[in-house]
Amino acid sequence: MATSSQSRTGRKFLFLGLGIVLVIAIYTAGWFYAANRLEEKVIKAIAPGGTSSIKGECTDMAFRGYPFRIGLFCSKVNVEDTKTGVTTSFGALRSAAQVYAPGHIVWELDSPAEIRTPHGLTVSAQWANLQSSLVTKLKGIDRTSLVIDGLKAQAVSSVTNQTIDFDAAKTEVHLRQNGADLDGAVTLNDAATVVQGWPQILPRLNAIADVTLAGKAGMIDGSDTTGLYGASGELRRVMLDIGDGRIMRISGPFAFDDQGYLSGKFKLEIEKLGDWADNAKQAFPQLQSTIDTARKLLGALAGGGDHTSVDLVVDRGRATVSGFIPLGKIPPI
């Protein structure tokens, strides 16, 4: 009897041990599956494409954090769109997600970064710190945010030999799916843009942009294939603040046609119109009389005050004030 009881006890311990081993094996397999999904999601967040033409390479890839944290580490990241010929490279990548919340991913990316297009445009960038987080859903990305400290970027065209430099103390980008729509917000602190050979149009500024694109939720992860062509939306706010109360705001509905031309009706508000005009004359001294005329016209439309509010009408790229004063033509995207 004792032998039989000991045998049953031994079998119980054996089954318990096998069960524990099986659970660990299943958990480990699930952990590595989640780790591979993490790589896919992070690469898609860095360069959304949504098609097989997007190829990502994670150099010296390593998974860390087992068993309670899922971490992906790369010494360098390369992304290529074989369809368009655009190539992108970044420095080291560090990303992680908790096992109990694998859909919430945080990641950091080191500079330098470089983007090359087959049309001769090269964009290079460096930064002090880049952090991002994204929340995934069953298919795609639900929302994402990006914060960059000390961004310095330069765009060079080998076709036009034109160089544009941009820098900002802090850059924030927030995107989220809102049903079928895409909400986006961008904030720039202490930013400046310099076009080589051109006068400095604006001093350093703070800027905020807030926009909704109708039916374009898939742009956040690349599942939308048409981009801005044929898109419409609402520009809730673009605000430029160059200090001392000199603020410019633009808002209104807009749309792009299938050829990429912009149409829309925007409201333009300018605080301290005279100061903006003086700044423009410093940048373009050869246009002082034209700027003075425009200042008087905008002031008249605003009732003679230093705060003006006018309508900007854009019809397939042709921009006018209130629909009858021509401003120029905006090229297609």
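Sequence positions are assigned chain by chain, starting from 1 and proceeding in written order. Side-chain atom pairs in this predicted model are given and counted only at pLDDT of 80 or more, local residue features only at pLDDT of at least 70, and totals for whole chains, interfaces and linings cover all residues. Only heavy atoms go into the side-chain values, all of them from the structure, while hydrogens and water stay out.

A. Local environment of the confidence of the model for the protein chain. Taken as a whole, the protein chain shows an average pLDDT of 78; of its residues, 77% reach a score of 70 or greater. When mean pLDDT is compared element by element in the protein chain, strand 14 (residues 205–213) scores highest at 92, while helix 1 (residues 2–46) scores lowest at 53. Scored between 0 and 100, pLDDT is the confidence that the predictor attaches to each residue. Two residues qualify as a contact provided that any one of their heavy atoms is within 4.5 Å of a heavy atom in the partner residue. Contacts from residues 17–21, a stretch scored under 50 in pLDDT, to residues over four places away or in other chains number zero contacts. Note on residues 23–29: pLDDT under 50 across the span, and six contacts to partners over four residues away in sequence or across chains. Each helix corresponds to a stretch of at least 4 residues labelled H or I by DSSP, and each strand to a stretch of at least 2 residues labelled E; elements are numbered beginning at the N terminus.

B. Expanded view of the environment of Phe254. You can see Phe254 is positioned in strand 16 (residues 247–256). A residue is classified by how much of its surface remains accessible, and Phe254, at 11% relative accessible area, is buried. Counting along the chain gives 41 residues from Phe254 to Leu213, while the straight-line C-alpha distance between them is 9.4 Å. Once you skip the residues sitting within four places of it in the chain, Phe254 turns out to touch Val211, Thr212, Leu213, Ser232, Gly233, Glu234, Leu235, Leu262, Ser263, Gly264 and Phe266. The buried label goes to any residue with under 20% of its type's maximum accessible area, the exposed label to any with over 50%, and the partly exposed label to all in between, with areas taken from a 1.4 Å probe on protein chains only.

C. Examining the packing of aromatic side chains more closely. Put simply, two rings from Phe, Tyr or Trp (the six-membered ring, in Trp's case) pair if the centres are within 6.5 Å, and we call them stacked under 30 degrees between planes, edge-to-face over 60, tilted for the rest. Enumeration according to the criterion identifies one aromatic pair in this entry. Measuring from centroid to centroid gives 6.0 Å for Phe254 and Phe256, while their planes differ by 75 degrees, and the two rings are edge-to-face.

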